[in-house]
Amino acid sequence: MTSKQPEFRRYLVPINTLSTPQFFTDCLVIGSGVAGLRAAIEASAAGSVTLVCKGTLEESNTWNAQGGIAAVLGSDDSFDNHVADTLATGGGLSDPDVVTQVVTEAPALIRELIEWGTDFDRVNGTIDATREGGHSRARVIHSHGDSTGRGIAEGLIKKLRAADNITVLEQFFAIDLLTGEDNECLGAIGCRANGNLQIIWAARTILATGGAGRLYRETTNPDGATADGLAMAYRAGAVLRDLEFMQFHPTTLYIAGASRALITETLRGEGAILRDRDGNAFMKDYHPEAELAPRDVVSRAILDRMLRTGSTHVYLDIRHFDKAHFQKRFPLISELCGSFDINVSKDMIPVRPSAHYMIGGVRVDRAAATSIPNLYACGEAASTGLHGANRLGSNSLLEGLVYGKLAGSAAAGDLRRRDPHLHHRSFVFEVPHSDRSRLDTEDVRNSLRALMWRNVGITREQTHLIEAQEIIRFWQRYVMDKVFETPFGWECQNMLTVALLMARAAEARAESRGVHFRKDYPKTDNDHFQKHIDLS
Ligand code: FAD
Ligand code: SIN
């Protein structure tokens, strides 16, 4: 392969304000997950808000969240415990002030969700809390059993729909953030459901575009998690941080041909046992907390067991559960197992790890501000400093809620303080015609996902990381110069952009820490790497 650099283009599409429909809004929110919904509600206190999302309001990682949301509610727990657990899991990279900020905000925001219509499950009138790996207390509360994300999103959507100054545009694909002469964010250009380009000028923009799981062949994430927000922010010049930290969830249903559905960790919190193909319960051999060890430990233990036993998966054993209780407490998993003829009283559930959560993201400060003026970020797309090098289960819905509110409130504060001076701008960006051959974009995407799984997966090493970058650069040479006209193509360009950055960051971190495990550097190296890796 030659070393010719792929083209870097500031915008994926040509822009001409003379021929593109446009409108103005005080605050543009991109994303309808927990972070975007919460941000929009908050920002609407000070002006008009437009919320866009690339599918329906309900299509998001949030909607699919199962296990729960972490919050200190019981008298047998304390903020100090939750802070200590989060810091211990974060591998020395969490920001203690951010951790304290998020943990202490949790109870008030949970009460607010209840007021807005989220039903958290109760036992004898008290909100039920369970455990997940790394939590020293039962503080994971849940809704609809194992459909917590849906429960939270439904409450937020109801509140959002009731606000008269929030406009929702579904099936709107945000292509790029528009920036001005001082690199300030001016809004975004996107594509409406009818296929037409649309410019939305905004005094403030909030990026809440979620994660990057779809960059991997094996993932818990729904189709939309293609890292668009990270790629857009990168093209606009924002600082991205810690992209090497992709969290792998230990237990995804492994049935050939079936989608890789998550099997919630709260099952292990309530006594499920991991067994290898020979029936041995193996987690005690790897960590004193066994099934409730931190996720990175469990994922690597499963991988090791798969290699030792020459198997493609291990099993989750819940045969000892009371079946009636299981069906009531975990209706989603119960239905899923039933649909594959898995009788959980007799059969074990085949599972293996897969890509789950992007810990890194657009770097933000404690008010959710990015390095680009007028641009805020929140939720999985942001790197706030909460998770450090490893995320504690059920802390991400919480982070989305807290930072969504902060981003919305910061945008609202800006709008109240200043006249936004929204005015028509003339903007022209031309893209040279590409005479290269047409592409099978689906093949590029599938090949990329397989490459990321092989070379930038649960365990990494330098030669594989360098090889991944070379291959991605080669693909970029004939994908990035194209002008696509559909989300499928723009997503492909975004995936290539972010995959390269992830491989670069993973190569740069020549140590093992949290979810990032380097076979060639298996130890943590605090002398050189107790720091973040910024890319811009
Ligand atoms: P998302 O909820 O992913 O929303 C992203 C939004 O951005 C979507 O509306 C999407 O349409 C929009 N978007 C993206 N790109 C574009 C674009 N180009 N143009 C327009 N719109 C765009 N966390 C927990 O804390 N507890 C759990 O129990 C839990 N369970 C999980 C289970 C599963 C199966 C998965 C996948 C994740 C789980 N997580 C859990 C993680 C958690 O769900 C996510 O981290 C969190 O919901 C992210 O919220 P968000 O608002 O940042 O993004
Ligand atoms: C799960 O339910 O196992 C997912 C929880 C999370 O990712 O926080």
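Preceding this section is the structure that the text describes.
Everything quoted here is computed from the prediction, not taken from an experiment.

Conventions adopted
Residues numbered from 1 in each chain as written. Chains lettered and ligands numbered in written order. Predicted model: local features only at pLDDT ≥ 70, side-chain atom pairs only at ≥ 80, totals over all residues. Heavy atoms only, no water. Near = heavy atom within 4 Å. Polar contact = N/O pair within 3.5 Å; in protein donor to acceptor, adjacent residues only side chain to side chain. Areas by Shrake-Rupley, 256 points an atom, 1.4 Å probe, with all protein chains shown as cover. Nonpolar A, V, L, I, M, F, W, Y, C, P; charged D, E, K, R; others polar. Buried < 20%, exposed > 50% of the residue type's maximum accessible area, 1.4 Å probe, protein only. Helix = DSSP H or I, 4+ residues; strand = E, 2+ residues; numbered from the N terminus. Pairing = 2+ DSSP bridges. Phe/Tyr/Trp six-rings, centres within 6.5 Å; stacked < 30°, edge-to-face > 60°. Axes fitted to C-alpha atoms, helices over the stretch in contact; angles between N-to-C directions. Parallel < 35°, antiparallel > 145°, perpendicular 65-115°, else oblique. Left-handed = near helix turned anticlockwise from the far one by under 90°. Contact = heavy atoms within 4.5 Å. Arc of directions from axis to C-beta. Salt bridge = Lys/Arg side-chain N within 4 Å of Asp/Glu carboxyl O.

Caption draft 1: Here's a closer look at the site of ligand 2. All residues adjacent to ligand 2 are Q66, G67, E132, H249, L262, T264, E265, R295, H356, R391, G393 and S394. Within the backbone of G67, one N or O atom sits 2.9 Å away from an oxygen atom of ligand 2. Contact between ligand 2 and H249: an oxygen atom at 2.8 Å from a side-chain N or O atom of the residue. For ligand 2, whose free accessible area comes to 260 Å², the fraction covered by protein is 93%. Counted by class, the shell around ligand 2 contains one nonpolar, seven polar and four charged residues.

Caption draft 2: Structural detail: the pairing of strand β12 (residues 197–207). With ten of its eleven residues buried, β12 lies for the most part within the structure. Across eight bridges, the pairing between strand β2 (residues 22–30) and β12 is parallel. Counterpart to I30 in the pairing with β12 is L207. Sheet topology note: the strand β11 (residues 185–191)/β12 ladder contains five bridges and is antiparallel. Looking across to β12, one finds that I189 is bridged to I199. The turn joining β11 and β12, which pair antiparallel and follow one another in sequence, is formed by five residues; a positive phi near 90 degrees is taken by G195. Pairing geometry for β12 and strand β19 (residues 375–377), over three bridges, is parallel. What sits directly across from T205, in β19, is L375.

Caption draft 3: Seen up close, the sheet that holds strand β7 (residues 129–130). Spatially, β4-β8-β7 is the arrangement adopted by the three strands of the open sheet, whose pairing is antiparallel. The open sheet has two free edges, formed respectively by β4 (69–70) and β7, since each of these has just one partner strand. Of the strand pairs in this sheet, β7 and strand β8 (residues 140–141) are connected by two bridges, and their pairing is antiparallel. Following the sheet pairing, T130 is matched in β8 by V140.

Caption draft 4: Fine view of the site of ligand 1. Taken together, 38 residues sit near ligand 1, with S32, T62, G68, E380 and S396 positioned nearest. Contacts to ligand 1 include A174, whose backbone N or O atom sits 2.8 Å from a nitrogen atom. Secondary-structure elements contributing two or more residues to the shell around ligand 1 are α1 (34–43), α2 (61–64), β10 (173–179), α6 (228–236), β17 (349–358) and α11 (395–417). Of the residues that constitute the shell around ligand 1, the class distribution is 13 nonpolar, 20 polar and five charged.

Caption draft 5: Seen up close, the sheet that holds strand β20 (residues 382–383). In space, the four strands of this open sheet follow the order β20-β18-β13-β24, with mixed pairing throughout. Whereas interior strands pair on both sides, the edge strands pair on one side only; in this sheet they are β20 and β24 (534–535). Summarising the sheet, strand β13 (residues 240–241) and strand β18 (residues 361–363) pair through two bridges and their orientation is antiparallel. Counterpart to L240 in the pairing with β18 is V362.

Caption draft 6: View of the packing of aromatic side chains. Using the criterion set out here, one finds ten aromatic pairs in the structure. Arranged with centres 5.0 Å apart and planes meeting at 75 degrees, the rings of Y11 and F429 form a pair that is edge-to-face. Residue Y11 is located in the segment before β1 (15–16), and its partner F429 is located in strand β21 (residues 428–429); the two are separated by 418 residues in the primary sequence. Y11 sits in the buried class, given a relative accessible area of 4%. Ring centres of F326 and F330 lie 6.0 Å apart, and the angle between their planes is 35 degrees; this geometry places the pair in the tilted category. Ring pairing ties together the aromatic residues Y11, W201, F427 and F429, which thus form one cluster.

Caption draft 7: Region of the structure containing the pairing of β17. Most of β17 is tucked away, with ten of its ten residues classed as buried. Summarising the sheet, strand β14 (residues 246–253) and β17 pair through six bridges and their orientation is antiparallel. Paired with Q247 across the two strands is Y357, which belongs to β17. Pairing geometry for strand β16 (residues 314–317) and β17, over three bridges, is antiparallel. Its bridge partner lying in β17, L316 is registered against I349.

Caption draft 8: Quick look at the packing of α1 against helix α5 (residues 148–162). Where α1 contacts α5, the two axes come as close as 10 Å, and the packing angle between them is 25 degrees. Classified by the interaxial angle, the pair formed by α1 and α5 is roughly parallel. At the point where α1 passes α5, the crossing takes the left-handed sense. Only I152, A153, L156, I157, K159 and L160 of α5 make contact with α1, whose side of the interface consists of V34, L37, R38, A40 and I41. Here the residues of the contact of α1 with α5 sort into nine nonpolar, no polar and two charged.

Caption draft 9: Spotlight on helix α10 (residues 331–339). Taken as a whole, α10 has its buried residues at I333, S334, L336 and C337. With its buried residues spanning 165 degrees around the axis, α10 presents them on a single face. Exposed side of α10, more than 90 degrees from the buried face: E335 and S339 are the residues found there. For α10, the secondary structure elements touched by its buried residues are β14, α7 (266–269), α9 (323–329) and β17. The first or second residue beyond α10 is D341, which carries a positive phi of 60 degrees.

Caption draft 10: Up close: the side chain of R38. Turning to its location among the elements, R38 is positioned in helix α1. The exposure class of R38 is buried, given its relative accessible area of 1%. At 2.9 Å, the side chain of R38 and the side chain of E42 are in polar contact. Once residues within four sequence positions are removed from consideration, R38 is found in contact with L109, E112, W116, L156, L401, G404 and K405.

Caption draft 11: How the structure looks around the pattern of salt bridges. Summed over the entire model, instances satisfying the criterion amount to 32 salt bridges. Close ionic contact of D77 with R139 constitutes a salt bridge, the shortest N to O distance being 2.8 Å. Residue D77 is found in the loop between β4 and α3 (79–89), and its partner R139 is found in the loop between β7 and β8; the two are separated by 62 residues along the sequence. Considered together, D77 and R139 belong to a single accessibility category, that of buried residues. Among the ionic pairs, E218 bridges to R260, the shortest N-O distance being 2.4 Å. Taken together, the positions of E218 in the loop between β12 and α6 and R260 in the loop between β14 and α7 put the pair 42 residues apart, joining distant regions of the chain. Each of the two residues, E218 as well as R260, counts as buried. Through salt bridges with shared partners, a single network forms among K54, D228, R445 and E491.

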